[in-house]
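Each chain is listed here by its residues.
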Amino acid sequence: MDDLSLHILDIVENAIEAEATRVEIRVEEDIKNNTLRISIKDNGKGMLKEEIARLRDPFFTTKNKKTGLGIPLLCQSAHEAAGEVRINSIPGKGTEISATFQLDHIDRKPLGDLASTLIALISGHPEVDFIFEYRKNNKGYLLDTEEIKRELDGVPINYPGVIKLLKGIIKEGIKELMKGG
Ligand SMILES: Nc1ncnc2c1ncn2[C@@H]1O[C@H](COP(=O)(O)OP(=O)(O)O)[C@@H](O)[C@H]1O
Ligand SMILES: [Mg+2]
């Protein structure tokens, strides 16, 4: 995987396949501590202890035709950048997966196109609520689709016009943070 946005997409798809109705995506860049942290928390069906233990094995999957590489690849990307992956899950409650990276590590993959990733998730899964928080040092950007849906007052969030508008808003919202030091 070329950038971390693709990992985010993959981990969020896992959450949705686990029947989550609400997924919280947090990206935190901490320049002082030289860390990048990505965490994805869902309210899906969760996993048993033995499932979590097998998760880092490549090709472990509970799905039919899938490859079972999503989590092992994320672990690999984190390890390459002197980081790690932590998995917390409670059956029936949900799962939180967080990955850390050394921010300035030469092998740390770029975040990539966060706005497009988010838009793909929102338009592909209009029934799921997404919280997206991007923090850089002491500045932050927060998006909550539950709030947006309330404001849309019945207009589907995946209407082309709405999606176009949202993409512009998200892009604008994170642009300043992404380029700023
Ligand atoms: N958020 C989650 N909630 C519940 N189960 C999960 C979650 N993420 C991963 N899993 C379980 O871990 C397995 C491995 O995930 P992954 O490495 O992404 O491979 P794949 O999605 O191709 O099966 C999944 O098949 C699923 O059983
Ligand atoms: Mg997967």
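Everything quoted here is computed from the prediction, not taken from an experiment. (Residues numbered from 1 in each chain as written. Chains lettered and ligands numbered in written order. Predicted model: local features only at pLDDT ≥ 70, side-chain atom pairs only at ≥ 80, totals over all residues.)

Participant: Even after reading the chapter, I still don't get unusual backbone geometry, so can you show me in this structure?
Facilitator: Most peptide bonds adopt trans geometry, and most residues besides glycine take a negative phi value. The phi torsion at E19 lies on the positive side, around 70°, for a residue other than glycine. The topology assignment puts E19 in the loop between α1 (4-17) and β1 (22-30). Residue E19 is classed as partly exposed on the basis of its C-beta count, with 13 C-beta atoms lying within 10 Å. Even without being a glycine, N34 presents a positive backbone phi close to 55°. Residue placement: N34 occurs in the loop between β1 and β2 (35-42). (Helix = DSSP H or I, 4+ residues; strand = E, 2+ residues; numbered from the N terminus. Buried ≥ 20, exposed ≤ 12 C-beta atoms within 10 Å, placed from the backbone.)

Participant: Help me understand the site of ligand 1, please; the structure alone is not making it clear to me.
Facilitator: Close to ligand 1 lie 20 residues, the nearest being N14, A18, T61, T62 and G70. Counting only elements with at least two residues in the shell around ligand 1, the list comes to α1 and α3 (70-80). Residues of the shell around ligand 1, tallied by class, amount to 7 nonpolar, 9 polar and 4 charged. (Near = placed C-beta within 6 Å. Nonpolar A, V, L, I, M, F, W, Y, C, P; charged D, E, K, R; others polar.)

Participant: What is the right way to look at the environment of A18 in this model?
Facilitator: Tracing the chain through its elements places A18 in the loop between α1 and β1. For A18, a count of 18 C-beta atoms within 10 Å gives the class partly exposed. C-alpha of A18 to C-alpha of L165: the two residues are 147 residues apart in sequence and 29 Å apart in space.

Participant: Mind showing me how you'd approach the sheet that holds β1 here?
Facilitator: In sheet architecture, strand pairing relies on hydrogen bonds along the backbone and comes in two forms, parallel and antiparallel. Taken together, 6 strands build an open sheet; the order of strands is β3-β4-β2-β1-β5-β6 and the sheet is mixed. The sheet is open, and its two edges are formed by β3 (85-90) and β6 (139-144), each paired on a single side. Averaged over all pairs of adjacent strands, the angle between their axes in this sheet comes to 10°, without regard to strand direction. Relative to the sheet, α3 contacts β3 and β4 (94-102), its axis offset from that of β4 by approximately 30°. (Pairing = 2+ DSSP bridges. Axes fitted to C-alpha atoms, helices over the stretch in contact; angles between N-to-C directions. Contact = placed C-beta atoms within 7 Å.)

Participant: Looking at this model, I keep getting lost on the environment of S98. Mind explaining?
Facilitator: Along the chain, S98 turns up in strand β4. Residue classification places S98 among the partly exposed residues on the basis of 19 C-beta atoms within 10 Å. Note: C-alpha distance between S98 and N88 (10 residues apart in sequence) is 8.7 Å. With near-sequence residues (within four places) excluded, S98 lies in contact with R37, I38, S39 and R86.

Participant: What should I look at first to understand the environment of A81 in this one?
Facilitator: Secondary-structure assignment places A81 in the loop between α3 and β3. Given 21 C-beta atoms within a 10 Å radius, A81 is considered buried. Here the alpha-carbon distance between A81 and I106, two residues 25 residues apart in the chain, equals 7.4 Å.

Participant: Would you mind showing me how to read the packing of helix α4 (residues 114-124) against helix α6 (residues 160-179) here?
Facilitator: A packed helix pair is summarised by two numbers, namely the angle formed by the two axes and the spacing between the axes. Orientation of α4 relative to α6, taken along the N-to-C sense of each, is 145°, at an axis distance of 9 Å. Seen along the crossing, α4 lies across α6 with a hand that is right-handed. Taking contact as the criterion, the partners of L114, A115, L118, I119, I122 and S123 in α4 are, on α6, I163, L166, K167, I170, K171 and I174. Residues belonging to the contact of α4 with α6 are distributed by class as follows: 9 nonpolar, 1 polar and 2 charged. (Left-handed = near helix turned anticlockwise from the far one by under 90°.)

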